[in-house]
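# Descriptive structure summary
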Amino acid sequence: MKKITIFFTLLLILLQPVTAQKVGLVLSGGGAKGAAHIGVIKALEENNIPIDYVAGTSIGAIIGSLYAMGYTPDEMLALILSEEFGYWQTGMVEDDYLYYFKKPDDTPDFSHFSIDISDSLQVKTNFLPQSLINPIQMNQAFVSLFAQATAKAIWNFDNLFVPFRCIGSDVYNKKAVVFRNGDLGDAVRTSMSFPFVFKPIWKDSVPLYDGGIYDNFPVTTMKADFNPDFILGSVVAGSNNKPSENPYSQLETMIMQKTEYDIPEEDGMMLKFQFSDVSLLDFPRAKELMEIGYRRTLSIIDSIKMRVPREVTRDELSLKRKAYKEGLPPLVFKNIYINGVTDAQRNYIEAQLHRDINNEFTMEDFRRAYFKMLSYSKIKEIIPHAVYNRKEKLFDLYLDVTVKDEIKVSFGGNVSSHQANQLFLGFNYQAISHVAADYTANFHVGNSFSGVLLNARTYLKTRIPSYLNVQAAYSFKKYSESQSLFYEDVLPSFIQQKESYMKVKLGLPFLNKAKAELGVAYGHLNDSYFQTSNILFPNSKFDNSVYNLFAVSLRLDRNSLDDKLYPIAGKQQYIIAQYVNGEEKYNPASTSAQLNTADKPHSWLQIKGRLHQYHQFSNRFNLGYTAETVISSKNLMNNYTSSVLQAPAFTPTPHSEIVFNEAFRANQYAAVGLSPIIKLSKLVHFRADLYCFAPFYEIKKDVISTGSTYIDSPYYGNFLRSFQFMGETSLVIRLPFASISLYANGYSYPKQNFNFGLNIGYLIFNPKMLD
C-alpha cells in the first residue's frame, strides 16, 4: 500500500507542469505608465516563467500585441523610445517625408477654419479638429507594424505567437467590446483611442474608443476565453485618486468608468504600480518605468515560481520566436483598391505610387506616396488596410480616402508697438481630378504694408513631378522713420513703394527635400520719395520713379526651419539667379534741380544666395548662423535715392523689414550673422541675433542744391570700405498658433539708433517680384 501511495504521488508531481500550468498575463491601461508592463515581461522571461496568453487594454493592448507578435522586451522598449513612436504619438511628420515640393509660401496666419461646400444646400464651418493628435502617422504606421502578423494569424488572434485579446468601448451601447479576430492593427488602435486625443475606429457604423472606459483590466476576458491555471496581472492605473491639475488626468477621471483591479488569490497574483507624477503621454520616461516594473516583478519572482513550477527556457523561447518571425510574409503590395473618391481621383492617387518592374511596391514606397498625397492637399485622410492575398502571396492595399470640398479661411497678422500692425485674411481652395490644383487669395492691410496676392498652382501629370504656378500680386509699402535716409534729417522722411507683377513658374522637386523653380515675370514698380528734408510736407510733391521690368529666374531652395519667424532648429538654403531687363522713368517734383522727365534703360544679371542654419549643443543652448550674399551687374538709377530704394536690402529681423535703412542696401554685398539661443522651456527662448553687413561697393552721393532745387547724384564707393552692424535681443514665446516677442535692437547707422517693442503674431509680407 505504501508503494502505491508513493507511485501516485510521484505521478501527480510529474503531471503537474503538464496539466496545470498555463499562464495568462493581463495588462491594464494607463498611458505611458504602461511601460512598466515591459519590465514585468522581461523579469518573467529571464526567470523562465512562460506566458501562454496575454490580454490588455489601451497601453496594455499595445504592449500585449507586441509581445503576441514575437517582440522581445528590449525590442518593445526600443520601439517606444524611438523617433518613430514619438512621431506616432504627436502626429508630426518626420523631415524625411515632408514633401517640400508642395509646401506653399509662408503667410502670417495663426488661425483658420474650413467652410464645407460639398452640400450645395448647406454650408458647414469646421473650427475644431476631431482629435488632439493628428492621425496621419498612426494610420500608416499600424499597417507597417501589424499587417504581417494579421496575415500569418489568418485574422484569428489565437494563431499569433502568443494568443491575444484586447478591449474596446462602444460608447453608444455603453459596453466593452472584446477583439478576438480581425485586423490586429484596428483592434489595438481601437483599444488605445482615448476620447478627444485620438480619433475613434468605426465598426458597423459605430465609433469605438479606448477599452479602458468600460474594462481597463480584462481579467474576465482572460478567464472566459483562455481559462489559464495562473493569471498574473500588471496594473498601472487606478492607483491615484487625488485631484490633479493635469488636464489629461482630469479627462481620464471624467471618462473612465470604475474598474475592479483585482484577481482572486486562487486565480493568480497581481502587481500594482503607483505613478502619480507620470502623465498620459509621458513616454520618454519609458526606460525608467520599465526598470521599476522589472525590479518589482523580481521582488515577488519566488512567489510566482511557487505557483508556476513549469519552465520555458530563454533558448526555447528564442527558437520559437525566431521561427515565428521567419514565417511572416514580406510586406509587399500589388493590387490597390480605393474607396471614397471619383474615378479621376482614383487615377490620380494610383499615379502617385512608385512600382517596380513587377508592378509591385513596398511599404516604404506607399509611405512616401501617402505623405505626399496628404501634404497641403484636398485629401484630408487616408486609412489604409493591408489584406494578404494568399493566391499571389502578396498583400492587397485597401485605402479609405476622405476628400472634402471646402474653402479654407485663414486669418492672422501682427499686433505691434512699432508701426507694424497688420491684418491678414486668406482663402484657399483645392481641387483634385486627373491633376491636383491649389487656388489662393491673400489680403494684407496695415499701417506699414498692404497688398493682394492671387495664386493658382496646378500639379502636372508628368513622369517627373512638376507644377505650373501663376501668381499675380499688388503690394503697397511705406516707410515713416526719422533719420532713415538722410544724415541730418530733422523731419521724418516718407517713402512709398508700389509694386504689381505677374509671374509664371515651373516647379520641380530637387534632391528630395528641395525644389527648383524656373520663372518668368513682368512687373510695374512705382517709387515715390523725397530727396531732401527741406520741404513743407503738406504742400510738397514726391519725386517719382517708375520701372517696367521683365525678369527670367531660376531658384533652388529648401527650408526645414521649425518656425516661420523665430526658428531655433532646421536649415534654410536658397540661391536665385535672375536676368532683368526694363526701363526706368523718372518724374521729378518741383524741388528737384532736374525738372524734365528722364527715361533710362536697364538690364542686369543678379545672383543671391542665403544659408540659415541652427545647431543644438545642449538641451538648453542652440546656435544659429546666417550667411547671405548678392552679386549683381546692376547699374545705378537716375538719382541716389532711387538707386538705394531699388538696391537689394539685408533685412534678417522683423524690425529691419519695416524700417528703411540705406546703410543695409547695396547692389553687391555679403552679410554674416550669429544667433545664440537659450531655451528656457519648450515654448520660451531668449535669443541674440548679431549681424555684420559689408557692401562690396557702397552707393554714395554728390549733392547738388541751388535755392529750392535739389538733386543727389549717385556713384559707387571703393571696394569694401564700409561695414555696418545690427543686433537684436528677443524674449520669444512660440505658441502653437503665433509668436510673441519682446525685443530690443540697435543699428550702427544712424548713430544712437536703438529701438525696443513688442510683436504678437507674424510679420510676413507678400513676396516681391525680384525675390
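Residues numbered from 1 in each chain as written. Predicted model: local features only at pLDDT ≥ 70, side-chain atom pairs only at ≥ 80, totals over all residues. Heavy atoms only, no water.

## Brief notes about the overall build of the chain
The criterion, for reference: Segments assigned H or I by DSSP are reported as helices when at least four residues long, segments assigned E as strands when at least two residues long, and all are numbered from the N terminus. A simple rule labels every residue: compare its accessible area, found with a 1.4 Å probe on the protein chains alone, to the largest value its type can have, and call it buried under 20%, exposed over 50%, or partly exposed in between. The protein chains shown are the only cover counted for residues, whose accessible areas, like all others here, come from Shrake-Rupley with a 1.4 Å probe.
From N to C terminus, the chain includes 16 helices and 32 strands. Residue burial in the chain is summarised as follows: out of 771 residues, 53% are buried. Approximately 36200 Å² of the chain is accessible, and the part contributed by carbon and sulfur atoms is 57%.

## Quick notes on the packing of aromatic side chains
For the record, the criterion: Two rings belonging to Phe, Tyr or Trp (six-membered ring only in the last case) form a pair when the distance between their centres is within 6.5 Å. Interplanar angles under 30 degrees mark stacking, angles over 60 mark edge-to-face geometry, and anything in between is tilted.
Within the structure shown, the criterion is met by 31 aromatic pairs. Each ring, one from Phe-101 and one from Tyr-459, has its centre 6.0 Å from the other, and the planes form 70°; the classification is edge-to-face. Linking Phe-101 in the loop between α5 (83–90) and β3 (109–119) with Tyr-459 in strand β18 (residues 449–460), this pair joins segments that are 358 residues apart in sequence. Of the residues examined, Phe-101 reaches a relative accessible area of 3% and is grouped as buried. Aromatic pair Tyr-337 and Tyr-398: ring centres 4.8 Å apart, planes at 25°, arrangement stacked. Of this pair, Tyr-337 sits in strand β11 (residues 332–339) while Tyr-398 sits in strand β14 (residues 394–403), and the two are 61 residues apart along the sequence. Using a relative accessible area of 37% as the deciding quantity, one classes Tyr-337 as partly exposed.

## Focus on the sheet that holds strand β13 (residues 379–389)
Neighbouring strands of a sheet are bound in pairs by backbone hydrogen bonds; such pairs are parallel or else antiparallel. Stated formally: Should DSSP find at least two bridges between two strands, the strands are regarded as paired. By the convention used here, residues are in contact when the closest approach between their heavy atoms is within 4.5 Å. Axis lines are fitted to C-alpha atoms, over the contacting stretch for helices. Their N-to-C directions set the angle, which ranges from 0 to 180 degrees.
Taken in spatial order, the four strands line up as β12-β11-β14-β13 in an open sheet, and their pairing is mixed. Each of the sheet's edge strands pairs with one partner strand only, and the pair in question is β12 (361–362) and β13. By the bridge criterion, five bridges tie β11 to β14 in an arrangement that is parallel. By the bridge assignment for β14, Ile-336 is matched with Leu-397. Sheet strands touched by helix α6 (residues 136–152): β11, β13 and β14. Its angle to β13, the strand with the most contacts, is close to 10°.

## Focus on the pairing of strand β1 (residues 23–27)
Where burial is concerned, most of β1 is hidden: five out of the five residues are buried. The side-chain alternation of β1 yields two buried faces, one formed by Val-23, Leu-25 and Leu-27 and the other by Gly-24 and Val-26. Examined bridge by bridge, β1 and strand β9 (residues 230–235) share five bridges and lie parallel to one another. Each bridged residue has a counterpart across the sheet, and for Leu-25 the counterpart in β9 is Leu-232. Sheet topology places β1 next to strand β2 (residues 53–57); four bridges connect them, and they run parallel. Note that in β2 the partner of Leu-25 across the bridge is Val-54.

## Some points on the side chain of Arg-189
Applicable threshold: His is not counted, nor are the chain ends, whereas Lys and Arg count as positive and Asp and Glu as negative. By definition here, a salt bridge exists when the distance from a side-chain nitrogen of Lys or Arg to a carboxyl oxygen of Asp or Glu is within 4 Å. In protein, a polar contact means a hydrogen-donor-capable atom and an acceptor-capable atom, both N or O and within 3.5 Å, with residues adjacent in sequence counting only if both atoms are side-chain atoms; elsewhere, any N or O pair within 3.5 Å suffices.
Note that Arg-189 resides in helix α7 (residues 184–191). For the buried Arg-189, no salt bridge exists, and the shortest N-O distance to an oppositely charged side chain is 5.3 Å, to Glu-381. A distance of 3.0 Å separates polar atoms of two side chains, one belonging to Arg-189 and the other to Asn-139. If we ignore the near neighbours within four places in the chain, the residues touching Arg-189 are Pro-135, Met-138, Asn-139, Phe-142 and Ile-201.

## Focus: the environment of Gly-426
Relative to the elements of secondary structure, Gly-426 occurs in strand β16 (residues 422–432). Distance in space between the C-alpha atoms of Gly-426 and His-112 is 8.9 Å, their sequence separation being 314 residues. The residues touching Gly-426, leaving out its near neighbours within four places in the chain, are Lys-408, Val-409, Ser-410, Ala-441 and Asn-442.

## Here we look at the packing of helix α2 (residues 35–46) against helix α4 (residues 73–81)
Heads up, the rule is: Here is the rule for angles: anything less than 35 degrees is roughly parallel, anything more than 145 is roughly antiparallel, 65 through 115 is roughly perpendicular, and the remaining ranges are oblique. By definition, any crossing whose near helix is turned counterclockwise from its far helix by less than a right angle is left-handed, and any crossing with a clockwise turn is right-handed. The classification used treats Ala, Val, Leu, Ile, Met, Phe, Trp, Tyr, Cys and Pro as nonpolar, Asp, Glu, Lys and Arg as charged, and all other residues, Gly among them, as polar.
Running from N to C, α2 and α4 point in directions that differ by 160°, and their axes come no closer than 9 Å. Regarding the angle of α2 to α4, the classification is roughly antiparallel. Crossing hand, α2 versus α4: left-handed. Touching Ile-38, Ile-41, Lys-42 and Glu-45 of α2 are Pro-73, Asp-74, Met-76, Leu-77 and Ile-80, all from α4. Here the residues of the contact of α2 with α4 are counted per class, giving six nonpolar, no polar and three charged.

## Overview of helix α13 (residues 343–351)
Heads up, the condition is: By arc we mean the arc of the directions from the helix axis to the C-beta atoms, nothing more.
Those residues of α13 that sit buried are Ala-344, Gln-345, Tyr-348 and Ile-349. Buried residues of α13, viewed axially, fall in a sector of 135°; they line one side. Here the buried face of α13 lies against β11, α14 (363–374), β13, β14, β16 and β17 (436–446).

## Remarks on the nonpolar core
Note the threshold: For the purposes of this section, nonpolar cores are sets of buried Ala, Val, Leu, Ile, Met, Phe, Trp, Tyr and Cys residues that join through side-chain atoms within 4.5 Å.
Within the largest apolar cluster, 71 residues are counted, with the highest numbers of intra-cluster contacts made by Leu-25, Leu-44, Leu-160, Phe-164, Leu-184 and Ile-304. Per-element tally for this core: the top contributor is helix α3 (residues 59–68), with seven residues. Beyond its immediate chain neighbours, meaning those up to four positions away, Phe-164 contacts Val-54, Ala-61, Gly-64, Ser-65, Ala-68, Phe-157, Phe-179, Leu-184, Val-188 and Phe-226. Met-363, Leu-374, Leu-397 and Tyr-459 belong to the second-largest nonpolar core, a separate cluster that totals 36 residues.

## Points about the pattern of salt bridges
For side chains of opposite charge, pairing can occur when their charged atoms come near one another. The tally for this structure, following the rule as stated, stands at 28 salt bridges. Linking Asp-282 and Arg-285 is a salt bridge whose minimum nitrogen-to-oxygen distance equals 3.5 Å. No difference in accessibility class separates Asp-282 from Arg-285, as the two residues are buried. Several salt bridges share partner residues, and in doing so they unite Asp-158, Arg-165, Arg-180 and Asp-225 into one network.

## Digging into the pairing of β18
The side chains of a regular strand alternate between the sheet's two faces. Where burial is concerned, the two faces of β18 differ: the one with Phe-449, Gly-451, Leu-453, Asn-455, Arg-457 and Tyr-459 is buried and the one with Ser-450, Val-452, Leu-454, Ala-456, Thr-458 and Leu-460 is not. Here β17 pairs with β18 via nine bridges, running antiparallel. Across the sheet, residue Tyr-439 finds its bridge partner in β18, namely Ala-456. Linkage of β17 to β18, two consecutive antiparallel strands, is achieved through a turn of two residues.

## What about the UniProt feature "short sequence motif: GXGXXG" (unreviewed entry) in the chain?
Stated formally: UniProt positions are given in the numbering used here, feature names are shortened, and annotations may be inferred rather than shown by experiment.
Feature annotation in UniProt places "short sequence motif: GXGXXG" (unreviewed entry) on residues 29–34, given in this structure's numbering. Taken as a whole, residues 29–34 contains 0% helix and 0% strand, while its terminal C-alpha atoms sit 7 Å from one another.

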